[in-house]
Amino acid sequence: MNPLSRVLIVSSDAPWLAAVVAGLSQSAAGLDNPYGLCVAGVATAAEALQRILADGEVQIVLIDKGLHEAGEAQPAVALARRINQLRPELSLYILLQDDDEKLLMEELASRAIDGYFYRDEQDVGGWFRILAAEMGEKAQTPFYDRLKQYVAMAKDSWHTPGHSGGDSLKGSPWVGDFYEFVGEGMLRADLSVSVPMLDSLLHPTGVIAEAQRLAAKAFGARKTYFATNGTSTSNKVIFQTLLAPGDKLLLDRNCHKSVHHGVILSGARPVYLDSSLNRHYGIFGPVPKQLIFDAIAANPDARVLILTSCTYDGLRYDLAPIIAAAHAAGIKVIVDEAWYAHARFHPAFRPTALEAGADYVTQSTHKVLSAFSQASMIHVNDPDFDEHLFRENFNMHTSTSPQYNLIASLDVARKQAMTEGYRLLDRALRLAQELRSKIDSTGAFRVLELDDLLPGNMRAEGVQLDPTKITVDISQSGYSSDELQQALFGRFNVQVEKSTFNTITLLLTLGTTRSKVSRLFDALLRLAKEQRTPRQYHRLPEIPGFSRLACLPRDAFYESGERLPLLDDDGLPNPALYGRVCCDQIVPYPPGIPVLVPGQVIEAGIVAYLARLLKTQKSIEMHGLVEEGEYCVRVLRDDELAALPSVGWFN
Ligand SMILES: Cc1ncc(COP(=O)(O)O)c(C=O)c1O
């Protein structure tokens, strides 16, 4: 299927517009046109905006500088800015009368504009070639293109990996099926740094550097880095770059576990901010704004603030005022956008964290865009960015044998987001809307909207919901979440994203189709028609508040400690744990929030909470507990604690 790239020309000069549309269309028909350039004209800014929002094929807009709009001093500038706000991935050209106009445009809106043409030149053939080249740059995938080129050269491999382009597997009576299953292309493209023409992820100067440059432009960053071990590693790289042992860090207690691991690796001194909690559904939301502002004011020595936006359930902060407050206090802001890589490419999701001013953003390109699992991006906008330090840390965490298919998939995912992201996200949003009302129509299942998800005290915080993440209250269906997942999987071939005790969560992405929506609806409707008796809301015991740190998390983690049982001989919470300092991060899943972090003092309420979870929630996973016949907690010995240098900081 050939691509289509619409060039939209905006001019109030009707005869001129008709002539240019005709001229460019003629060029499109007669000249080499690999990106399917086609041309349309509109007479007003309003029509242009409407067309840009309605038509995902629009790729380039040409605005006549002489555009007239009542009440607007510089209508062409205003339109360019507005387009930039709505769809920053579009290329914008201004059609000028003379050089003075160019100077004016550069002064007013140079950053929003990709180029200029002189209106009266009427060199439509020349313009067409430039516009085609513009599409060519967007459609480039420098790394993927070079990878394909190399594979096509069919060089004999005298280097790693050992499967040698799949030759060790191909035709084998034992493992030949793996060759067939994975496919020749994937195996031939599984190459290594031994191939210089493919650049090096650890020292990019060629096609990887170019692919990262294009990604930075697409996502609105100064610099972008490709990561092949997910956002988990990306978070750790940034932590190690920004935080030295003992440096203070403000962090949401509900951050992903990689963030907590980053605290251990960097040796940072964390100040935990309690996330809001919707007790009814057991769903964690953002940290209340005031709590963040208070933490910023109370910790003038903090170096970094990290927040997750949006959360797994799709809740996103009103980031701009928070980031502004952090910056005013000299604090750098990292935003974990693991679930929000698509946001730049549709106005319904914006502003992105970078647009709201974040210094560092990590994104799991693989979670919601089309990259392979583990393929993530780190975006940097920090004006004080220390590239050398970052590189040292990036290289510390990056394999010297990164998977080249992952890098190619990042290149391709960026190209797709730039060229058809808006159209596909628009479709995902429409499908999400349709699915939401279909689910509600079953009577037994109900989609939770923003106000349902947010705790009551968070309603005026400017938090928004990403509609492509759908959380469904299942309690009226009579099914438990385990039973429902099994029924959907076994009877209807549906695998959902995640569940809590009362909810399931569905994720719509660029790949969600109408058929999938209708199969899911059909499944839920059939289950609803069984009319089981509704269940009581399943209430999790309330997670205890954070107690206090006795030392740096890193210090506690690296001691051997001793292992004490969670329950005593009578099966009750073990009092021997009270007052001891935990060495590990203990995370019951769900809900996935650390109940204890390394260095934290264990209190009676925390032990009681863990004991109660184990007793009442048979299917819960307890990450961080030692399983040695019975559940144990690794705690610091008294002599270890007394010898730790950081203990004095916390007394
Ligand atoms: C908020 C958040 N950050 C980071 C990660 C880690 O991302 P990745 O799977 O790309 O390592 C996750 C994964 O679920 C996450 O939910």
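Up top is the structure.
Residues numbered from 1 in each chain as written. Predicted model: local features only at pLDDT ≥ 70, side-chain atom pairs only at ≥ 80, totals over all residues. Heavy atoms only, no water.

Quick word on the overall build of the chain
To be explicit about the condition: Numbering goes from the N terminus for both helices and strands, where a helix is a DSSP run of H or I of at least four residues and a strand is a run of E of at least two. Only the C-alpha atoms count toward the radius of gyration. The rule for a globule is 2.2 Å times the residue count to the power 0.38. Here, residues are in contact when the closest pair of their heavy atoms is within 4.5 Å. Each accessible area is a Shrake-Rupley result for a 1.4 Å probe, and residues are judged covered by the shown protein chains and nothing else.
Each helix and strand in the chain was counted, giving 23 helices and 25 strands. Relative to a compact globule of 651 residues, whose C-alpha radius of gyration would be 26 Å, the chain shows 28 Å and is just as compact. Each of the three principal axes of the chain carries a C-alpha extent, and together these read 90 × 65 × 60 Å. Looking at the chain alone, contacts between residues at least 24 apart form 72% of all its contacts between residues at least 6 apart. When the accessible surface of the chain is totalled, it reaches about 27400 Å², and 51% of it is carbon and sulfur.

Brief notes about the packing of helix 10 (residues 230-242) against helix 11 (residues 257-266)
Quick note on the threshold: In this description, a line fitted to the C-alpha atoms serves as the axis of each element, helices being fitted only across the stretch in contact, and the angle between N-to-C directions of two axes falls anywhere from 0 to 180 degrees. In this scheme, a crossing is called left-handed if the near helix is turned counterclockwise away from the far one by less than a right angle; it is called right-handed if the turn is clockwise. Three classes are used: nonpolar for Ala, Val, Leu, Ile, Met, Phe, Trp, Tyr, Cys and Pro, charged for Asp, Glu, Lys and Arg, and polar for all others, with Gly counted as polar.
Put simply, helix 10 and helix 11 touch, their axes get as near as 8 Å, and they point 35 degrees apart. Between helix 10 and helix 11 lies a crossing whose hand is right-handed. Across from Thr231, Ser232, Asn235, Lys236, Phe239 and Gln240 in helix 10, the residues of helix 11 making contact are Ser258, Val259, His261, Gly262, Val263, Leu265 and Ser266. Taken together, the residues of the contact of helix 10 with helix 11 break down into four nonpolar, eight polar and one charged.

A look at the sheet that holds strand 21 (residues 562-565)
Note the cut-off: When DSSP locates at least two bridges between a pair of strands, those strands are taken to pair.
Spatially, three strands are ordered 21-25-24 in an open sheet, and the strand pairing comes out antiparallel. Only two strands of the sheet have a single partner each, and these edge strands are strand 21 and strand 24 (626-628). Between one strand axis and the next, the sheet turns by 45 degrees as a mean value, whatever way the strands run. When strand 21 meets strand 25 (residues 630-635), the two strands line up antiparallel, connected through four bridges. Within the sheet, the bridge partner assigned to Leu564 lies in strand 25 and is Val633.

Examining the environment of Phe349
Counting through the fold element by element, Phe349 comes out in the loop between strand 13 (332-336) and strand 14 (360-363). A sequence separation of 104 residues divides Phe349 from Pro245, and the C-alpha atoms of the two residues are 36 Å apart. When residues no more than four places from it in sequence are discounted, the contact partners of Phe349 are Arg316, Tyr340, His342, Ala343, Leu425, Leu429, Asp466, Pro467 and Thr468.

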